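# Structure at a glance
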Amino acid sequence: MSQHSVHSPGFDPNCLFCKIAAKQIPSRAVYEDEQVYAFHDISPWAPVHFLIIPKLHIASMAQVGPEHAQLMGHIMTLAPRLATEQGCRPYPDGGFRLIANTGQDGGQEVHHLHLHVIGGPRPWAKG
Ligand code: 5GP
Ligand code: ZN
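In what follows, the accompanying structure is described.

Parameters and conventions
Counting restarts for each chain, with residues numbered from 1 along the sequence as it is written. Just so you know, chain letters begin at A and ligand numbers begin at 1, following the order they were written in. Predicted model: local features are reported for residues with pLDDT of at least 70 only, side-chain atom pairs are reported and counted for 80 or more only, and whole-chain, interface and lining totals are derived from all residues. Working from all heavy atoms in the structure, the side-chain values ignore hydrogens and water. The rule for donors is simple: an N, O or S atom within 2.8 Å of the metal counts, and for Na, K and Ca the reach is 3.2 Å. Water is not among the atoms, so a site may look short of donors. Think of it this way: with four donors and all angles in the 85 to 135 degree range, the site is tetrahedral; with four or six donors, opposite ones beyond 155 degrees and the rest between 65 and 115, it is square planar or octahedral; otherwise it is irregular. Going along the chain from the N terminus, every DSSP run of H or I of four or more residues is numbered as a helix, and every run of E of two or more is numbered as a strand. Salt bridge criterion: a side-chain nitrogen from Lys or Arg within 4 Å of a carboxyl oxygen from Asp or Glu. We call a residue buried when its accessible area falls under 20% of the maximum for its residue type, exposed when it is over 50%, and partly exposed in between, using a 1.4 Å probe and counting protein chains only. One requirement defines pairing of two strands: DSSP has to find at least two bridges between them. The angle between two axes is taken between their N-to-C directions and runs from 0 to 180 degrees, where each axis is a line fitted to C-alpha atoms and a helix contributes only its stretch in contact. Should any heavy atoms of two residues lie within 4.5 Å, those residues are counted as being in contact.

## Thoughts on the coordination of the zinc ion (ligand 2)
At 2.0 to 2.3 Å from the zinc ion (ligand 2) lie its protein donor atoms, namely C15 (SG), C18 (SG), H57 (ND1) and H112 (ND1). Classification of the site at the zinc ion (ligand 2) as tetrahedral follows from its 4 donor atoms and the range of 105 to 117° in their angles at the metal. Between consecutive donor residues of the zinc ion (ligand 2), the sequence gaps follow C-x2-C-x38-H-x54-H. Remark: H112 occurs in the loop between β4 (96-99) and β5 (115-119) and C18 occurs in helix α1 (residues 16-21); sequence separation between them is 94 residues.

Written out as structure tokens, the structure is:
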């Protein structure tokens, strides 16, 4: 059986977040559906800090095109719902920060597209 037959299309066997989405590496789940996986950041900056990733391997926001509009819309509309479920207080006194670090100048360390959702009562460790 080839490697591709056991994984969803777009799986990169060398990618940390592909392995996390495939449960080859453990993580603390926040949410999952056919298209996306959300999990707690291993090194949180704030009381709420989780990542939303597409299951499809997309290296960064720099590779996003019109073919990803539905997927990116799904990720962006999930963010406020999951933020609230994870304990971010309501807007405008509460809220959250969304970050998609992209490339070296953008401070990206893991090259599988991810949206950081960061929030909860301050002070935060960073940001
Ligand atoms: P970047 O700098 O690429 O935007 O952020 C990558 C994020 O992934 C960092 O906040 C880092 O703490 C998180 N991270 C890196 N490795 C792991 C891991 O193995 N598990 C989890 N849950 N988070 C990770
Ligand atoms: Zn990947």
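## Focus: the pattern of salt bridges
Taken as a whole and assessed by the stated rule, the structure comprises 3 salt bridges. For K23, the salt bridge is made with E32, and the minimal N-O distance between the two is 2.8 Å. Exposure remark for K23: the relative accessible area of 45% places this residue in the partly exposed category. For E85, the salt bridge identified is with R81, shortest N-O distance 3.2 Å. One end of the pair, E85, and the other, R81, are both in helix α2 (residues 69-85), 4 residues apart, so they sit about a helical turn from each other. Salt bridges here are not isolated pairs; linked through shared partners, they connect K23, E32 and K55.

## Observations regarding the sheet that holds strand β1 (residues 29-32)
Spatial strand order, β1-β2-β3-β5-β4: 5 strands in an open sheet with antiparallel pairing. The open sheet has two edge strands with one neighbour each: β1 and β4. Between one strand axis and the next, the sheet turns through 15° on average, direction left out of account. Relative to strand β2 (residues 36-40), β1 is paired through 3 bridges, and the arrangement is antiparallel. Counterpart to Y31 in the pairing with β2 is A38. Of the strands in this sheet, β1, β2, β3 (48-54), β4 and β5 touch α2, which is tilted by about 160° from β3.

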